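Residue-level structural notes
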Amino acid sequence: MAANLTENCPEGEVLYKDGTKENGLFALSLLIVSLVYLLVFQVWYLIRQQTSKYLKHRFALWVYVATFGMVTQLCGFLLREYTGRASFPCWVTRQFMVWFTLFLALPCCLRAAMYYYTIRLNQKLAKVAFSAAAKENDINEIYGSAGSAGTGITGEEDEDISEPDRTNTFTFGVPDTSKPRNRGGSFENGSILTSNQSAKTAHSKSEFKFYLYMIDPKRFGLHAYALGFLVVSGFSFLFTNGTGDCTGCDVRGEDLLIVVSVSFVFIPLMNYWFWIIRKEPDPLNLKWEMGYILLPAGGLALGWALTHFLDPGNLNRDGKLTWHYLWLLVCVVTWSCMVPYQIFRSYQYDRFALKMDLLENQATLEEVLESEIGSEKFKTHLVHELCIETLLFWREATRWKTTFNRTRSKRRLRKLLEIYVTYIKPGSPLENNVSWRLKTEVGLAIENNTVTENTLDKCIRNVWGLMEQDIFPRFVVSDLYKEYRDATTFAENRDALRLQESI
């Protein structure tokens with residue numbers, strides 16, 4: 001039966017036939033099965049959340065919003081096929097994409113934003129904690145007298161050593177280590193700061209307030225969602241104005257503008273966020289969750305758009321089926337990544353936490369040092385163990401080796417001299433625990449001008465082995481390591497709690 005569009009329908013609307021009886025029964029069956037699927041996993045999620053530490057860290061409101069969005073999509077599209085397209089209100093049909101944006105897409109984007117800023121805040125907190133530990137153990141005084149000009153104790157790297165000379169670098173042979181060196185910085189608030197960093201401390205409090213706001217789901221989450229709701233609803237009103245008394249319409253091209261606009265804004269932004277923090281721990285599995293949503297759901301959404309507007313074989317127009325079944329699959333994949341998948345992940349998380357306690361599933365030293373949070377936590381541990389010189393030497397020696405071929409020979413030797421008198425020479429300010437034979441070999445290479453790219457290799461391997469086999473095992477049983485692995489569980493971070501109390 002052809003759909004009789006009313007006189008109030010906009011011009012250009014397409015007449016669609018009602019679906020066949022078989023299509024209607026299939027839609028009804030699919031609706032019942034889908035609602036049961038939603039009900040079972042939503043109840044399971046609520047029960048599991050009471051006992052699962054993993055799920056407790058996830059903001060439950062987004063789950064309820066996503067579930068409501070799933071109900072709107074399922075009931076809307078499937079009831080339209082079952083009750084008949086001809087009598088189904090156009091204003092409801094034209095809202096399907098709006099509801100998807102508001103209740104499924106927008107919460108995912110906001111969760112990604114809060115995850116990113118949680119990681120960024122933890123990175124800064126790790127630096128603050130390290131600086132406080134450095135002050136407590138008088139590391140600034142030791143480092144200042146050392147006169148090293150490479151990767152500093154604050155983790156700030158100097159300019160590339162192939163650049164022209166600058167203040168506080170070597171000018172003639174071996175530096176004078178008999179006097180403390182002023183590297184153009186000051187000690188403030190427990191941090192070893194350069195003059196440029198000192199100028200920024202006035203903004204640190206407002207910066208931390210901003211991060212605290214951005215990670216708070218009850219403040220930023222609700223505020224941003226309310227704003228998005230108003231904007232999307234406003235555009236929806238413009239697109240669907242005049243369809244109040246119209247029946248028999250289908251989803252139109254302009255209805256997709258809202259979804260496409262949100263996708264073009266947030267998908268590149270989310271990819272950028274995840275790239276920036278790709279080396280950081282992800283205990284709540286948010287990066288994988290978003291990846292599962294974007295890739296399979298995005299591919300299905302593209303397939304739906306092509307088949308819906310091209311309608312191969314006129315199957316939709318003739319009422320034999322609707323291509324909206326593909327769209328519903330997009331919604332199911334999105335919701336399944338947010339609820340059922342997370343339920344199963346919560347059981348894996350519990351087993352993983354047990355294994356971590358038993359040291360059966362720990363991160364490697366390489367993984368920790370690649371992470372900004374992990375690196376700062378490990379440096380703090382080294383300060384507590386009074387062996388920060390091992391990491392400082394390893395970083396400077398490795399950097400000297402990697403820049404060997406693109407640095408002038410004179411400057412290369414000058415930098416090696418600096419490393420030698422700071423970390424290797426017997427009695428040096430930050431002398432490392434390497435054998436006398438290795439110290440002698442490096443000294444002779446410098447004295448005889450037989451320096452090669454591999455001059456420091458044995459010392460680097462020696463110090464790395466010391467960190468990996470002796471220092472790192474103690475780090476992985478410390479509270480600092482636990483804070484590193486639980487970087488996104490902000491509520492359990494002691495530094496974060498102190499920050500909230502002080503601001």
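Anything mentioned here points back to the structure above.
Residues take numbers from 1 onward in each chain, read along the sequence in its written order. Local features in this predicted model are restricted to residues whose pLDDT is 70 or higher, and side-chain atom pairs enter the listing and the counts only when it is 80 or higher, whereas totals over whole chains, interfaces and linings include all residues. Only hydrogens and water are set aside; all other atoms, that is, all heavy atoms of the structure, feed into the side-chain values.

Take the nonpolar core next. Of all hydrophobic cores here, the largest spans 121 residues; its most connected members are Met-97, Trp-327, Phe-378 and Leu-456. Two residues form a contact once any of their heavy atoms are found within 4.5 Å. Beyond its immediate sequence surroundings of up to four residues, Phe-378 is in contact with Leu-365, Val-368, Leu-369, Leu-391, Met-467, Ile-471, Phe-472 and Phe-475. Definition of nonpolar core: a set of buried residues of the types Ala, Val, Leu, Ile, Met, Phe, Trp, Tyr and Cys, connected through side-chain atoms within 4.5 Å. For every residue, the accessible area obtained with a 1.4 Å probe (protein chains only) is divided by the maximum for its type, and the residue is called buried under 20%, exposed over 50%, and partly exposed between those limits.

Once that is clear, we can look at the packing of aromatic side chains. Stacked, tilted and edge-to-face are the three classes applied to pairs of Phe, Tyr and Trp rings, where Trp contributes its six-membered ring and a pair requires centres within 6.5 Å; stacked means planes under 30 degrees apart, edge-to-face means over 60, and tilted covers the rest. Using the criterion set out here, one finds 31 aromatic pairs in the structure. Centroid distance Tyr-37 to Phe-41: 5.0 Å. Interplanar angle 65°. Geometry classified as edge-to-face. Linking Tyr-37 with Phe-41, this pair stays in helix H1 (residues 21-49), spanning four residues, or about one helical turn. What makes Phe-41 buried here is its relative accessible area of 14%. Relative to Phe-344, the ring of Trp-44 lies with its centre 5.7 Å away and its plane at 85°, an arrangement referred to as edge-to-face. You can see Trp-44 sitting in helix H1 and its partner Phe-344 sitting in helix H13 (residues 340-357), a full 300 residues away along the chain. Connected via pairs of aromatic rings, a cluster forms that spans Tyr-37, Phe-41, Trp-44, Trp-335 and Phe-344. Over the ring of Trp-275 we find Arg-278; its NZ or CZ atom is 3.8 Å from the centre of that ring. By definition, being over a ring means that NZ of Lys or CZ of Arg is both within 6 Å of the ring centre and within 35 degrees of the ring normal. Between the NZ or CZ atom of Lys-379 and the centre of the ring of Phe-130, over which it lies, the distance is 4.4 Å. Secondary structure elements are defined from DSSP: runs of H or I of at least 4 residues count as helices, runs of E of at least 2 residues count as strands, and each element is numbered from the N terminus.

Glancing now at the pattern of salt bridges. A carboxyl oxygen of Asp or Glu within 4 Å of a side-chain nitrogen of Lys or Arg is what we treat as a salt bridge. Taken as a whole, this structure holds 18 salt bridges when the rule is applied. One salt bridge connects Lys-401 with Asp-457, and the closest N-O pair in it is separated by 3.1 Å. A residue pair is termed long-range when its members are at least 10 positions apart, and Lys-401 in helix H16 (residues 388-402) and Asp-457 in helix H19 (residues 457-475) qualify at 56 residues. Residue Lys-458 is joined to Glu-441 by a salt bridge in which the shortest nitrogen-to-oxygen separation is 3.8 Å. Of the two residues, Lys-458 sits in helix H19 while Glu-441 sits in helix H18 (residues 436-447), which places them 17 residues apart along the sequence. Through salt bridges with shared partners, a single network forms among Arg-80, Glu-81, Arg-85 and Asp-250.

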